Amino acid sequence: MDHYDSQQTNDYMQPEEDWDRDMLLDPAWEKQQRKTFTAWCNSHLRKAGTQIENIEEDFRDGLKLMLLLEVISGERLAKPERGKMRVHKISNVNKALDFIASKGVKLVSIGAEEIVDGNVKMTLGMIWTIILRFAIQDISVEETSAKEGLLLWCQRKTAPYKNVNIQNFHISWKDGLGFCALIHRHRPELIDYGKLRKDDPLTNLNTAFDVAERFLDIPKMLDAEDIVGTARPDEKAIMTYVSSFYHAFSGAQKAETAANRICKVLAVNQENEQLMEEYEKLASDLLEWIRRTIPWLENRAPENTMHAMQQKLEDFRDYRRLHKPPKVQEKCQLEINFNTLQTKLRLSNRPAFMPSEGKMVSDINNAWCGLEQAEKGYEEWLLNDIRRLERLDHLAEKFRQKACIHESWTEGKEAMLQQKDYETATLSEIKALLKKHEAFESDLAAHQDRVEQIAAIAQELNELDYYDSPSVNARCQKICDQWDNLGALTQKRREALERTEKLLETIDQLYLEYAKRAAPFNNWMEGAMEDLQDTFIVHTIEEIQGLTTAHEQFKATLPDADKERQAILGIHNEVSKIVQTYHVNMAGTNPYTTITPQEINNKWDHVRQLVPRRDQALMEEHARQQHNERLRKQFGAQANVIGPWIQTKMQEIGRISIEMHGTLEDQLSHLRQYEKSIVNYKPKIDQLEGDHQQIQEALIFDNKHTNYTMEHIRVGWEQLLTTIARTINEVENQILTRDAKGISQEQMNEFRASFNHFDRKKIGMLDCEDFHTCLISIGYNMGEAEFARIMSIVDPNRIGVVTFQAFIDFMSRETADTDTADQVMASFKILAGDKNYITVDELRRELPPDQAEYCIARMAPYTGLDSVPGALDYMSFSTALYGESDL
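All of these numbers come straight from a predicted model, not from anything done at the bench. (Residues numbered from 1 in each chain as written. Predicted model: local features only at pLDDT ≥ 70, side-chain atom pairs only at ≥ 80, totals over all residues. Heavy atoms only, no water.)

**Student:** Describe the overall build of the protein chain, listing the residues and the values that go with them.
**Tutor:** Each helix and strand in the protein chain was counted, giving 34 helices and six strands. Surface summary for the protein chain: the accessible area is close to 44400 Å², and the carbon and sulfur share equals 50%. (Helix = DSSP H or I, 4+ residues; strand = E, 2+ residues; numbered from the N terminus. Areas by Shrake-Rupley, 256 points an atom, 1.4 Å probe, with all protein chains shown as cover.)

Okay, structure coming up:
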């Protein structure tokens, strides 16, 4: 037995379960059921030329029971046993019960032995089951069926009549006006409804019963006195009798239903085609924007100046703030439209919508991933290139300072080394020249580090692709060539002085000591001035504190340096004292060094002036770093709140989508309130964006106070908005499915419970294995081919998972009576009648004007029979409306 039959059985076997619980029938109800069920059976048995008198006795041998089933089903049962023994009777009843079961009816606690023994309760229960299956089950009114459909039919037909309010199948019929209203609605000439009174139920009931028996061929199944004399008439007896009215009047209703079905199909087709066109346009626009944007993000052309790179960074921020957010909304809306369209197509039993090549949702997601990858790479490149340019500017300035100092020092050195003064000098002068040369070599060695630093800086500038590398290389090469020449000249002069060294016997030790101490002290002062004027780049408060500590340590050495300066000046003063004392003709100069006391004092004063300037620069940088630290802490404090908030909301949405409670409308309202609370959180995201912009403008690249970056927050926020929108869309589609299929809230809750039970990963989707297990658990027994067919329905895109929406679409299609192609074509047959074709004029007469013209336009290529111009036969109509592949 397939799932559809088993589900229907659960619907109309509920009364038998009521009998099992009650065990005994109310005597009044039993009397009404006896009479009603006996009359109903005889209304069918008389077609075979027989009838029953006692319902529990006449069915005991099973013969008339089998005959009754053959009459109402139109099918032949197995040959009955003609013996009179108990075993023959049980065999006949079993054949009847087996036939009932073969029609998808689950017989609860009803066995052949009870029927053979004349058990009144079981016999009445069996007849009620037959009535439900063959007289009530197939009743369908506006997407409701069985009991609900019959009740709705009664309410629709009696709505215009005063004093008639049909709410059930018991007390609503006690005054008899409901029966009279049904007859008058369809055959007004049979009853004068205006003369009926609500306070005369016996007259009303007898009038309706007599008219129905005489003119409508509906046997009298109820007694007016029993209905009036019972506080609550038997529901099953009333339903059985009312169902006879439905079948008697259903012919006129079928033509109306057929026209409504065709109108509905045409309206759905028009709406679906419009949704397809909107999807194609939106997808094309979004893909074109991505195609134009990615080349801009992949452009890595470097700039030579910091201003140009800052402009690129500002353009990138404008893209993030102004251009991308609307496209994120378009992408989300595109997915929502696609899911809604697929749901409507499934509800209409139409093939799944397949977008044009390259415009699938997966294609758009892949293109979007490529956009975000390019975006991430472009941002990283921008920040790295800004750091590179910052580093280049610092190195270029440092190169210029060191080169200027070195070029200033080397100025005149080559001319000095090329002098021939030793040729005419006295012995003392030669000695002096030799010592002076030794001091120069010491000075030359002290400058070796500076030359190496200049070469190292030039090499680093080349490696970092500095835009003015040619001029840097030329200047560095000039310095290196000059340095090599200085080395060669120095070596040549030393060799010349050593040849005349024997002529040098005297030397002024004081001058020599002065020169030896003054040169390194002078280098120290030059190094100190260079360090004090050196620019610095720091990114953290710790780095500036380190520079401040080093500067304080330098200042602590100044007293000792001052003592050294005074000692050097003391040597010079002692020389001057000796010259004055002994009247030595020294021409007022030190032959061993060019460093004068005045130069030392000037450089010392310069160093003392640079110290407070350095203090001021360090204090200003320290204040800037403190400001940057406050920005980091401010951003970190907000990010550490917003980041976990987004993660918590994502988890809550996932839990809500899996563990939904209440009705779908309650769930949708709750989700929309939830979405509103999320949207209200947007100002905090904007505030964090503002803080992030201040951090980038301050060129802050690291933040130890949080692990969240602005990119993490943006991606999380976009995912949160997309997830809540998608969840709301899923609930809306579930409401569409429920309303279209007539699924009750209890059934929807059961579907959700089954789905959640097998959703072991708690991700809101079932993989193939879990879905297969779920189907087996609810009664499906299928092979691989059948399961593959079901998977093609619930997973048309073959992604390997089944969503809850697809699950309820499948379950609802299996359990509800929808406007299938067969029903629509059956409606065609009703409109066409015996002539087996329908004309254009008939379509205009039966359908609303706009849908009639749409249908005629669709069918224009197929109209025109040989015998009747402008008409369509059955095959032409089906091909025009559905296409050959759909039928």
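**Student:** So what's going on with the packing of aromatic side chains? Residues and values would help.
**Tutor:** As enumerated under the stated definition, the model contains 18 aromatic pairs in all. Each ring, one from F37 and one from W128, has its centre 6.1 Å from the other, and the planes form 10 degrees; the classification is stacked. Of this pair, F37 sits in helix α3 (residues 27-45) while W128 is found in helix α8 (residues 120-136), placing the two residues 91 residues apart along the sequence. The buried category is assigned to F37, whose relative accessible area is 0%. Here the aromatic residues F169, W173, F179, F209, Y241, F245 and F249 are joined through ring pairs into a cluster of three or more. Taking the ring centre of F134 as reference, the NZ or CZ of R133 above it sits at 5.3 Å. A cation over an aromatic ring shows up here: K413 above the ring of W409, its NZ or CZ 4.8 Å from the ring centre. (Phe/Tyr/Trp six-rings, centres within 6.5 Å; stacked < 30°, edge-to-face > 60°. Buried < 20%, exposed > 50% of the residue type's maximum accessible area, 1.4 Å probe, protein only. Lys NZ or Arg CZ within 6 Å of the ring centre and 35° of its normal.)

**Student:** Kindly report on the side chain of D691, identifying the contributing residues and their values.
**Tutor:** Along the polypeptide, D691 turns up in helix α25 (residues 682-697). Lacking a salt bridge, the buried D691 has R630 as its closest oppositely charged neighbour, with an N-O distance of 12 Å. Setting aside chain neighbours within four positions, we find D691 in contact with Q634, F635 and Q638. (Lys, Arg positive; Asp, Glu negative; His and termini not counted. Salt bridge = Lys/Arg side-chain N within 4 Å of Asp/Glu carboxyl O. Contact = heavy atoms within 4.5 Å.)

**Student:** Before we move on, can you summarise the confidence of the model for the protein chain with the specific residues and values?
**Tutor:** Do not read the predicted coordinates in detail wherever pLDDT is low. The pLDDT averaged across the protein chain works out to 79; a share of 85% of its residues lies at or above 70. Confidence drops under pLDDT 50 across residues 503-507; counting only partners more than four residues distant or on other chains, this segment forms 17 contacts. (pLDDT = per-residue confidence, 0-100.)

**Student:** So, the nonpolar core: which residues are in play, and what are the values?
**Tutor:** Core analysis: the biggest nonpolar cluster contains 77 residues, and F179 and F245 have the highest contact counts within it. Counting residues per element, this core draws most heavily on α8, at eleven residues. Dropping the residues within four chain positions of it, F179 is found in contact with W173, L205, A208, F209, L222, I238, Y241, V242 and F245. One finds L671, Y674, I685 and L720 within the second-largest nonpolar core, a separate group that totals 49 residues. (Core = buried A, V, L, I, M, F, W, Y, C linked by side-chain atoms within 4.5 Å.)

**Student:** Describe unusual backbone geometry, listing the residues and the values that go with them.
**Tutor:** If you check the backbone angles, D217 has positive phi at about 60 degrees while not being a glycine. Look at R798: it is not a glycine, yet its phi comes out positive at around 55 degrees. Relative to the assigned elements, R798 resides in the loop between α29 (784-794) and β4 (801-803).

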